[in-house]
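# Summary of the model geometry
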Amino acid sequence: MNTIDDIVAHADELRASDIHIAAGVPLRLRIDGRLVDADDHPLDAHDCELLAREAAGELYSKVEHIGEVDLAATYANGVRCRLNLYRSRGSICLAIRLLSSSIPPLDSLGLPPIVKELALRRRGIIIVTGETGSGKSTTLAAILDEINHTRREHAITLEDPIEYIYHPDKCSIEQREIGSDTESYAAGLRAALREDPDIILIGEMRGLDTIETALTAAETGHLVLGTLHTKSAPDSVDRLVDIFPEGRQPQIRMQLSMTLAAVVSQQLLPKRSGEGRVAACEVMVVSSAIRNLIREGKTPQIANALATSAEEGGVTMDNALVRMVRDRFISSQVAIDAANDPEYVKRSSSR
C-alpha cells in the first residue's frame, strides 16, 4: 500500500484538488471538479486506519474520542494539505485538500480588477464567499499577501486550520490556529483587538459572538477579512443578519451598513479547453444605495442595485459568466448551468 507521501505526490502530479480515502472504494481524486478513481483496488478499513494514523500522527487520538479532527500538514517534500479525518459506519475516512505551496499573486487569479483595489482599503469588512471548494481561501490569502507586500501593517489571522503560510514582508503577520493557539474564533478575535492589529483575517465568519466582534472591530477602524459559505453577495448580508435574534437585527443591519466594504462571491468552473478550472467572480462594492438597502432590510433589492453598480466596480455573477463565454474561457453550457438567471446568460452569450 502506498504511503500518504506517495498518494499526495501522485495527486499533486495530476493537478488534483482533493483526495478521498474511504473503505470499500478505491482511492479517489478530484481533478478539475470531478471525482476519478486513482486505481481499481478498493481500500479496506485497515488500509484507511493505517493511512489516517500516518497522516495525523499524535492527533489521531482525537478521532477516537470525538469522531473527527481537522489539521493542516505538509507531505511529499513540500505539498501543504488541509485534512479532515472522520468516522463513517465505524471506519476511518480522510478528505485531503491540496493547497498551493505558495500564495498566488492576486493578479494571477483572473479576478476582476476591482478586487486588487480592495487591498487598498484601510477599514471595513471584506467578505469572500462561495461554496466549499470555490477558492475562497486562496482569494483571501492573495488579498492579504498583496497588502503584505505593499503596506506596513500588523495583521493577525484566525484559521481552522492554518492553510497558507505567510512570509512577512512589509507587514508583521501572526497566524493563530483555532484549538491550538486560541480556544475559538470568538476568543481569538476578542484577544486580537488587544494586540494592536491593523488587519484581522477570520478564516470563517461563523457564530453570533464572532460576527458581533468582527462588526465592532470594523467600527473601530480595523480592516476585517473573512469568508462565508453563501452563494451570492446579497445572500451574505442575510446570513450575517439572520444569525442574530429578531430583536437585534435592526441594530446589526445598521452596523453592517456602516462597516461592510465589499463582498466577493466566486465559483470555480471547468475551462473550455477541458483542462483546469477558472474562477467566475461577482463583486459587490458597497455603495451609498446598497448601504441604504442593508439598513432598511431590503436585501432582495440589492441584486438590482448590484446590476447597476458598474461605475463603483460592481460585477454580477451572470455578467461575469457572459464575459467569460465571450472570451472563450468557459463553454456557454457551463455558464448557463452556473447562472442565477440562465435565460439571461443564454441570450446575452449568443450576441
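In short, a report on the structure. All figures in this text were calculated on a predicted structure; none of them were measured in a lab. (Residues numbered from 1 in each chain as written. Predicted model: local features only at pLDDT ≥ 70, side-chain atom pairs only at ≥ 80, totals over all residues. Heavy atoms only, no water.)

Time to look at the pairing of strand 4 (residues 68-75). What you see with strand 4 is a clean split: Val69, Leu71, Ala73 and Tyr75 sit on the buried side and Glu68, Asp70, Ala72 and Thr74 on the side with no burial. As paired strands, strand 4 and strand 5 (residues 79-88) are joined by eight bridges and run antiparallel to one another. Of the residues in strand 5, the one forming a bridge with Leu71 is Leu83. Here strand 4 hands over to strand 5 after three residues, with Ala76 in that stretch at a positive phi of 50°. (Buried < 20%, exposed > 50% of the residue type's maximum accessible area, 1.4 Å probe, protein only. Helix = DSSP H or I, 4+ residues; strand = E, 2+ residues; numbered from the N terminus. Pairing = 2+ DSSP bridges.)

Before going further, it helps to spend a moment on helix 9 (residues 249-259). Looking at helix 9, one finds that the buried residues are Gln249, Ile252, Gln255, Leu256, Ser257 and Thr259. Considering only its buried residues, helix 9 is in contact with strand 7 (124-129), helix 7 (208-219), helix 8 (233-242), strand 12 (260-270) and helix 10 (288-295). (Contact = heavy atoms within 4.5 Å.)

Looking now at the pattern of salt bridges. In the structure shown here, the tally under the stated rule is 13 salt bridges. For Glu153, the salt bridge identified is with Arg151, shortest N-O distance 3.2 Å. We classify Glu153 as buried; its relative accessible area is 10%. By relative accessible area, Arg151 is classed as buried at 7%. Here Arg206 and Asp160 are joined by a salt bridge, their closest N and O atoms 3.2 Å apart. Remark: Asp160 occurs in the loop between strand 8 (154-159) and strand 9 (172-177) and Arg206 occurs in the loop between strand 10 (199-202) and helix 7; sequence separation between them is 46 residues. (Salt bridge = Lys/Arg side-chain N within 4 Å of Asp/Glu carboxyl O.)

What follows is about the sheet that holds strand 1 (residues 18-21). Spatially, 3-2-1-6-5-4 is the arrangement adopted by the six strands of the open sheet, whose pairing is antiparallel. Edge positions in the open sheet fall to strand 3 (34-37) and strand 4, since each of these has one partner strand only. Going from strand to strand, the sheet's axes swing by 25° on average, the running direction of each strand aside. Packed on one face of the sheet, helix 2 (residues 45-56) meets strand 1, strand 4, strand 5 and strand 6 (91-98) and runs near 50° to strand 6. (Axes fitted to C-alpha atoms, helices over the stretch in contact; angles between N-to-C directions.)

Attention now moves to the nonpolar core. Across soluble globular proteins, you tend to see nonpolar side chains buried next to one another. By size, the foremost hydrophobic cluster in this structure holds 35 residues, and its most contacted members are Ile125, Ile202, Leu256, Leu260, Met284 and Ile294. Once you skip the residues sitting within four places of it in the chain, Ile125 turns out to touch Met205, Ala214, Leu215, Ala218, Val224, Thr259, Leu260, Ala261 and Ala262. (Core = buried A, V, L, I, M, F, W, Y, C linked by side-chain atoms within 4.5 Å.)

Along the chain, the position of Glu282 falls in strand 13 (residues 277-285). There is a polar contact of 3.0 Å between the side chain of Glu282 and the backbone nitrogen of Ala233. In terms of polar contacts, Glu282 uses its side chain to reach the backbone amide nitrogen of Met317, at 3.0 Å. Residues within four places of Glu282 in sequence aside, it is in contact with Ser232, Ala233, Pro234, Val263, Val264, Ser265, Leu306, Val315, Thr316, Met317 and Asn340. (Polar contact = N/O pair within 3.5 Å; in protein donor to acceptor, adjacent residues only side chain to side chain.)

We now examine the pairing of strand 3. Side-chain direction in a regular strand flips from residue to residue, so the side chains alternate between the two faces of the sheet. Looking at chain direction, strand 2 (residues 28-31) and strand 3 are connected through four bridges and run antiparallel. In the strand pairing of strand 3, Arg28 is matched with Asp37. Connecting the antiparallel pair strand 2 and strand 3 is a turn made up of two residues, with Asp32 showing a positive phi of about 55°.

Looking now at the state of the cysteines. Between two cysteines, a covalent bond joining their sulfur atoms is known as a disulfide. Taken as a whole and assessed by the stated rule, the structure comprises zero disulfides. Free of any disulfide, Cys81 has its nearest cysteine sulfur in Cys48, 17 Å distant. (Disulfide = S-S within 2.5 Å.)

So, on to the environment of Ala320. Relative to the assigned elements, Ala320 resides in helix 12 (residues 317-326). When the C-alpha positions of Ala320 and Cys281 are compared, they lie 6.4 Å apart, and in sequence the two are 39 residues distant. Apart from residues lying up to four places away in sequence, Ala320 is in contact with Cys281 and Val315.

Look at helix 12 against helix 14 (residues 342-349): their axes get within 9 Å of each other, and the N-to-C directions meet at 30°. The chirality of how helix 12 crosses helix 14 is right-handed. In this structure, helix 12 uses Asp318, Asn319, Val322, Val325 and Arg326 to contact helix 14, whose residues at the interface are Tyr344, Val345, Ser348 and Ser349. Partitioned by chemical class, the residues of the contact of helix 12 with helix 14 number four nonpolar, three polar and two charged. (Left-handed = near helix turned anticlockwise from the far one by under 90°. Nonpolar A, V, L, I, M, F, W, Y, C, P; charged D, E, K, R; others polar.)

Here we come to the environment of Cys48. Summarising the element assignment, Cys48 is placed in helix 2. Classification of Cys48 by relative accessible area gives buried; the value is 0%. Residues Cys48 and Pro300, spaced 252 residues apart in sequence, show a C-alpha to C-alpha distance of 47 Å. Apart from the residues within four sequence positions on either side, Cys48 is in contact with Ile21, Ala22, Ala23, Leu43, Ile92 and Leu94.

Below, the discussion takes up the packing of helix 6 (residues 185-192) against helix 7. Taken N-terminus to C-terminus, the directions of helix 6 and helix 7 make an angle of 20°; their axes are 8 Å apart at the nearest point. Taken together, the axes of helix 6 and helix 7 are roughly parallel relative to one another. Handedness of the crossing formed by helix 6 with helix 7: left-handed. Within the contact between the two elements, helix 6 uses Tyr185, Ala186, Leu189 and Arg190 and helix 7 uses Asp209, Thr210, Thr213 and Ala214. (Parallel < 35°, antiparallel > 145°, perpendicular 65-115°, else oblique.)

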